[in-house]
Amino acid sequence: MSLSLNYKNTLKFINEYEMGYLESSAVEANKLLHSKKGAGNKFLGWLDLPTKALKEADKINKLAKEIRENADVLVVIGIGGSYLGSRAVIDAFTSNFSEAKKGSPKVIFAGQNMSGQYHKELIEYLDGKDFYINIISKSGTTTEPAIAFRLLKEYAELRYKGDAKKRIIATTDKKRGALKTMSTENKYRTFVIEDDIGGRFSVLTPVGLLPIAVAGIDIVALLNGAIKMANVTKGDKFQKNPAMLYAMLRNALYNKGFTTEIMVNYVPRMFYISEWWKQLYGESEGKDNKGIFPAAVNFSTDLHSLGQYIQDGRRNIFETVISINKENVDLSIKTADSDLDGLNYLSGLNMHEINKTALEATVLAHIDGGVPNIILDVDKITASSIGELIYFFEKACGISGYMLGVNPFDQEGVEAYKKNMFALLGKKGYEDLAKELRGRK
Ligand code: PA5
């Protein structure tokens, strides 16, 4: 495996025997997932997904090839689980300064916010560039992507006239929702999101795989990495099952009052991995007045903003630190004739070593400050290791949610703001709620 967990820095905060108490609960939770008898068991399609998804890889790669040849830009429209997974994987492999061009199109995102400025700027950015649109919505009714799609479809029709339809791909439910109806009506090419897969667990379906393939990432290697992790996390010995171990550690720390988990990254390309993880854990565990609050930081950047709080503020934080062992680039510090900046003591060191040292130094400082650390070692960023990482977090999330005593696979809380928004925007059927809300304003 490319991935391993090191939890020695939590042992000052939790005892081995506490892990012992949690072991049976983790074994039970893992069994409950596989027997499909637990809460939310209609949404466990992600468990065997990587193997199933391999069958669709050729179809996805074929369409990705067409898009790569004919587009400078792919606009992915979606929100939450319908965009975070693909964005996380794509960013992990894409230059921070990539350009839009045929052969290697830039994948950009829309419909994940309702800012008029953002979408206006996006349409202006597309001016003079060839583009395809991948509209993704499992329900097919989510407002943010629906609005963005209306705007971008109109622009595509202006640019490509009758051929616009050929440049639109819809990824949605097989039967339900406005997007399904529009796709049938307009004969868009479509991919199906199966009923048994919730949005935040959908990255290894066409939701994530098509944009990822368009970005030139090897989706077969990604899926094979996930398959490896699926096999390893079937077992019930936490010493050999990192998903069980991570779930046990989180719950042990939570029971001790560490109610916020910060995902720590030292590589800007991994920023969206944390964003995806935040949705996965926040939406799965934050219910029934329980759950660890998932937060994320990028170090060393945020050491200069949030570092003070983490070192010295309220002691309810633990960290999960993603440590990449090998970097794909080699950039070393040279000796300068005049050592005016005083950096010659770093001569010969490469940036990766310096960054790793920052990680080690910070981990030690944070332990001294009362912040437990779980270190997630990743050998190198490859399609396979990212596949392992994705499945690892998904599996641990299911186990951890069951250990916490919640249904990790629903998200009813997300509906509350939507109902209010529909009512206040005057959508049919929400008149009574609108009256009540206006009375409260
Ligand atoms: O996890 C979930 O199911 C949600 O957060 C969805 O991902 C998000 O609301 C987007 O929904 P949809 O794909 O139906 O537009």
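Just so it is clear, the model here is predicted, and its values are computed rather than measured.

Colleague: Honestly, the sheet that holds strand 3 (residues 106–110) in this entry has me stumped. Any pointers?
Modeller: In sheet architecture, strand pairing relies on hydrogen bonds along the backbone and comes in two forms, parallel and antiparallel. Across the sheet, 5 strands lie side by side as 3-2-4-5-6; this open sheet has parallel pairing. Two strands lie at the open edges of the sheet, namely strand 3 and strand 6 (189–192), each paired on one side alone. For this sheet, the mean angle separating the axes of adjacent strands, direction not counted, is 20 degrees. Here strand 2 (residues 73–77) pairs with strand 4 (residues 131–137) via 5 bridges, running parallel. Paired with Val76 across the bridge in strand 4 is Asn134. Helix 6 (residues 143–160) contacts strand 2, strand 3, strand 4 and strand 5 (168–172) of the sheet and is inclined by roughly 155 degrees relative to strand 4.

Colleague: Even after reading the chapter, I still don't get the nonpolar core, so can you show me in this structure?
Modeller: Note that soluble globular proteins tend to have their nonpolar side chains buried in a common cluster. Counting 112 residues, the largest nonpolar core has Tyr246, Met270, Ile386 and Phe393 as the members making the most contacts within it. Ranked by residue count, the leading element in this core is helix 14 (residues 383–404), at 13 residues. The contacts of Phe393, once residues within four sequence positions are left out, are Tyr246, Met263, Trp276, Trp277, Leu280, Tyr281 and Leu376. If you look at the next biggest cluster of nonpolar residues, it comprises 21 residues, including Val73, Val75, Ile77 and Ala148.

Colleague: Is there a simple way to explain the pattern of salt bridges in this structure?
Modeller: A side chain of one charge can pair with a side chain of the opposite charge when the charged atoms of the two come close. In total, this model carries 24 salt bridges according to the counting rule given. As a salt-bridge pair, Glu18 and Lys256 come within 2.8 Å of each other at their nearest N and O atoms. Placement of Glu18 in helix 1 (residues 16–35) and of Lys256 in the loop between helix 10 (242–255) and strand 7 (260–265) is noted, with a sequence separation of 238 residues between them. For Lys256, a relative accessible area of 39% translates into the label partly exposed.

Colleague: Just to check I follow, could you spell out the environment of Ala213 for this structure?
Modeller: Tracing the sequence through the fold places Ala213 in helix 8 (residues 206–214). Note on Ala213: relative accessible area 5%, which makes it buried. Put simply, Ala213 and Asn61 are 152 residues apart on the chain and 6.2 Å apart in space, counted from C-alpha to C-alpha. Those residues in contact with Ala213, other than ones at most four positions away along the chain, are Ile60, Asn61, Ala64, Arg68 and Ile219.

Colleague: When you look at the site of the ligand in this model, what are you seeing that I'm missing?
Modeller: Looking at the ligand, there are 13 residues lining it, with Ser82, Ser137, Ser139, Thr142 and Glu283 nearest. A distance of 2.6 Å is found between an oxygen atom of the ligand and a side-chain nitrogen or oxygen belonging to Ser137. Gln279 places a side-chain nitrogen or oxygen 2.8 Å from an oxygen atom of the ligand. Here the ligand loses 89% of its free accessible area of 390 Å² to cover by the protein chains. Class assignment for the residues of the shell around the ligand results in 1 nonpolar, 9 polar and 3 charged.

Colleague: What is the right way to look at the packing of helix 4 (residues 84–93) against helix 11 (residues 271–285) in this model?
Modeller: A packed helix pair is summarised by two numbers, namely the angle formed by the two axes and the spacing between the axes. Contact geometry of helix 4 with helix 11 gives a least axis separation of 8 Å together with a crossing angle of 155 degrees. Put simply, helix 4 runs roughly antiparallel to helix 11. The two elements helix 4 and helix 11 meet at a crossing, and its hand is left-handed. On helix 11, the residues that touch Leu84, Gly85, Arg87, Ala88 and Asp91 of helix 4 are Tyr272, Ile273, Glu275, Trp276 and Gln279.

Colleague: How do you make sense of the sheet that holds strand 1 (residues 3–6) when you look at a structure like this?
Modeller: Taken together, the 5 strands give an open sheet; going across it, the order is 1-10-9-7-8, and neighbouring strands pair in mixed fashion. Every interior strand has two partners, whereas the edge strands, strand 1 and strand 8 (293–298), have only one. Mean inter-strand twist for the sheet, computed between neighbouring axes without regard to direction, equals 20 degrees. Set on the sheet, helix 14 makes contact with strand 1, strand 7 and strand 10 (373–380); between it and strand 10 the angle comes to about 150 degrees.

Colleague: It is not clear to me how the environment of Asn420 should be interpreted in this structure. Could you clarify?
Modeller: By the secondary structure assignment, Asn420 is in helix 15 (residues 415–425). Taking relative accessible area as the criterion, Asn420 reaches 31% and is therefore assigned partly exposed. Residues Asn420 and Glu436, 16 residues apart in the sequence, show an inter-C-alpha distance of 10.0 Å. Apart from the residues within four sequence positions on either side, Asn420 is in contact with Leu433 and Leu437.

Conventions used here
Residues numbered from 1 in each chain as written. Predicted model: local features only at pLDDT ≥ 70, side-chain atom pairs only at ≥ 80, totals over all residues. Heavy atoms only, no water. Pairing = 2+ DSSP bridges. Helix = DSSP H or I, 4+ residues; strand = E, 2+ residues; numbered from the N terminus. Axes fitted to C-alpha atoms, helices over the stretch in contact; angles between N-to-C directions. Contact = heavy atoms within 4.5 Å. Core = buried A, V, L, I, M, F, W, Y, C linked by side-chain atoms within 4.5 Å. Buried < 20%, exposed > 50% of the residue type's maximum accessible area, 1.4 Å probe, protein only. Salt bridge = Lys/Arg side-chain N within 4 Å of Asp/Glu carboxyl O. Near = heavy atom within 4 Å. Polar contact = N/O pair within 3.5 Å; in protein donor to acceptor, adjacent residues only side chain to side chain. Areas by Shrake-Rupley, 256 points an atom, 1.4 Å probe, with all protein chains shown as cover. Nonpolar A, V, L, I, M, F, W, Y, C, P; charged D, E, K, R; others polar. Parallel < 35°, antiparallel > 145°, perpendicular 65-115°, else oblique. Left-handed = near helix turned anticlockwise from the far one by under 90°.

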